Amino acid sequence: MSEQIKQKSTLSYFNTFFLFFGISVIIEFFYMGVLGIVQGTTLTILELSLSFDNAVVNALILVNMPPLWRKRFLTWGMLIAVFGVRLIFPILIVFATTDLSFVESFSLAINNPAEYEKVIMASHHIVMAFGGVFLLMIFLSFLFNENKDVHWIASIEEYASRWSSVGDLKILIAILTVALIGLYAPSEISIDGVITKIDKADIVLPMIYGILLYLSIEFLRGILEDDGQKHDSDDMETEREKIEHVASSKLAKGGLASFIYLELIDMSFSFDGVLGAFAVSQNIIIIMLGLGAGAFAVRNLTILMVDRGTVAEYRYLEHGAMWSIGLLAISMIVQIFVHLPHGLIIAFAIIPIAIAFIQSVKENKLDGENKIDI
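Read on for a plain summary of the structure. (Residues numbered from 1 in each chain as written. Predicted model: local features only at pLDDT ≥ 70, side-chain atom pairs only at ≥ 80, totals over all residues. Heavy atoms only, no water.)

1. Here we look at the overall build of the protein chain
Looking only at helices and strands, one finds 17 helices and two strands in the protein chain. For the protein chain, buried positions account for 49% of its 374 residues. Taking all contacts inside the protein chain whose residues are at least 6 apart in sequence as the whole, residues at least 24 apart take part in 78%. Split by element, the accessible area of the protein chain, about 17500 Å² in all, is 67% carbon and sulfur. (Helix = DSSP H or I, 4+ residues; strand = E, 2+ residues; numbered from the N terminus. Buried < 20%, exposed > 50% of the residue type's maximum accessible area, 1.4 Å probe, protein only. Contact = heavy atoms within 4.5 Å. Areas by Shrake-Rupley, 256 points an atom, 1.4 Å probe, with all protein chains shown as cover.)

2. What to know about the environment of Val-204
Position of Val-204 among the secondary structure elements: in helix α11 (residues 201–225). The spatial distance from the C-alpha of Val-204 to the C-alpha of Ala-129 is 7.6 Å, given a sequence separation of 75 residues. When sequence neighbours within four positions are dropped, the list of residues in contact with Val-204 reads Val-178 and Gly-182.

3. Quick notes on the packing of aromatic side chains
Evaluation of the coordinates by the stated rule reveals eight aromatic pairs. Seen in terms of ring centroids, Phe-134 and Tyr-214 are 6.4 Å apart; in terms of plane orientation they differ by 65 degrees. Their pairing is edge-to-face. Here Phe-134 is found in helix α8 (residues 124–143), whereas its partner Tyr-214 is found in helix α11, with 80 residues between them in sequence. What makes Tyr-214 buried here is its relative accessible area of 3%. For the pair Phe-139 and Phe-142, a centre-to-centre distance of 6.5 Å together with 40 degrees between the ring planes defines the contact as tilted. (Phe/Tyr/Trp six-rings, centres within 6.5 Å; stacked < 30°, edge-to-face > 60°.)

4. Observations regarding helix α4 (residues 52–62)
By the criterion of burial, α4 is predominantly enclosed, with 10 of the 11 residues buried. For α4, the complete set of buried residues consists of Asp-53, Asn-54, Ala-55, Val-56, Val-57, Asn-58, Ala-59, Leu-60, Ile-61 and Leu-62.

5. Some words on the nonpolar core
Formed by 96 residues in total, the largest nonpolar core has its most connected members in Tyr-116, Leu-135, Ile-138 and Ile-203. Ranked by residues supplied to this core, first place goes to helix α14 (residues 284–308) with 17 residues. (Core = buried A, V, L, I, M, F, W, Y, C linked by side-chain atoms within 4.5 Å.)

6. Side note on the pattern of salt bridges
Per the stated rule, a full pass over the model turns up one salt bridge. Note that Arg-86 and Glu-47 form a salt bridge whose closest N and O atoms lie 2.2 Å from each other. Here Arg-86, found in helix α5 (residues 67–97), pairs with Glu-47, found in helix α3 (residues 34–50); they are 39 residues apart in sequence, far enough to count as distant. Looking at Arg-86, the relative accessible area reads 2%, which means it is buried. Here Glu-47 falls in the buried class, since its relative accessible area comes to 3%. (Salt bridge = Lys/Arg side-chain N within 4 Å of Asp/Glu carboxyl O.)

7. Notes on the packing of α5 against helix α6 (residues 102–111)
Two numbers describe how α5 lies on α6: the axes approach to 9 Å, and their chain directions differ by 115 degrees. Of the two possible hands of crossing, α5 and α6 adopt the one that is right-handed. Here α5 contributes Ile-88, Ile-91, Leu-92, Val-94 and Phe-95 to the contact with α6, which in turn contributes Phe-102, Ser-105, Phe-106, Leu-108 and Ala-109. Per-class residue counts for the contact of α5 with α6 are nine nonpolar, one polar and no charged. (Axes fitted to C-alpha atoms, helices over the stretch in contact; angles between N-to-C directions. Left-handed = near helix turned anticlockwise from the far one by under 90°. Nonpolar A, V, L, I, M, F, W, Y, C, P; charged D, E, K, R; others polar.)

8. Observations concerning the packing of α5 against α14
A pair of packed helices is captured by two measures, namely the crossing angle of their axes and the spacing between those axes. It is at 9 Å that the axes of α5 and α14 come closest, and there the two elements cross at 150 degrees. Looking at the two axes, α5 sits roughly antiparallel to α14. For the pair α5 and α14, the sense of crossing is right-handed. Its residues assigned to classes, the contact of α5 with α14 shows 16 nonpolar, four polar and four charged. (Parallel < 35°, antiparallel > 145°, perpendicular 65-115°, else oblique.)

9. Some remarks on the side chain of Gln-39
Counting through the fold element by element, Gln-39 comes out in helix α3. Assessed through its relative accessible area of 14%, Gln-39 is described here as buried. If we skip the residues at most four places from it in the chain, Gln-39 touches Met-32, Val-280, Ser-281 and Ile-286.

This is the structure we're talking about:
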């Protein structure tokens, strides 16, 4: 099996991406001509850039899933990612925030893209509040872990680990964030240059729902970990160990639980990309095809990382991904009120992972030299 993995070329991992991308280009051309291809390709690059950290996090979960569920991650998971998140989710936003029915919301997206974009952007602060706090909870769970032995940014991570023994600081910080935003949030925001009045409850409630979703997932983990032995998730060194234990528990042997957990996290990474896509195109079909192709590339990259053992081999890669999640969470919370340039968000997604990778390579090289000396 290992020999087959070694013999498999890097490009061959991206066969499904090339296939979907080729089909997307054809559809985009017949749908909107050259402009459709340009917009779709731009969205594919945007999605891949924003979601590179997603591939690393996915690999942490996928590494212990059975081969059958890895395949389903590329089939069922892609149906959810492409059609569920990139097509249905934006339509559900319109459905939930207007008096339109689901069919009318879908018709608006297809027949009146300009008006559809206005409705979507009017809900931008709601989605950013929900997704931002959910990702913040993931980052804080990683940061405040008293049993974490490996520290990348030692001055911060070691200090946070020591303080984590005092109490559940991630909940305290998350609730404090919600309280401060609820207290100081303005009653009006700028949407496409137009000052629009908002209800603070439209910000506070989605943030609370984001915290509840994270805690619900942690509760599900606790149930899955209860496989006849006593396991305290706080005794596990890293977020990776928590995920690996869930993946190896009796109820998760078939991979279903890990698959659900993976899809929930994967969805949270997509919020910013889906909303940001409207800056490139207002056509829901072009958005779905462009972002969908990028989602295929991210999943193929995840499988490559799992087969090559990339996350395990580079000790700080997980840390880089988690710091990237933290920066992305902060950017989403900031974007409740102010739009940030896509270039800055892409930097948040890529730079921490790139630095962590480089430092991991250096550490591996030093370890190799030390072994030779011994």
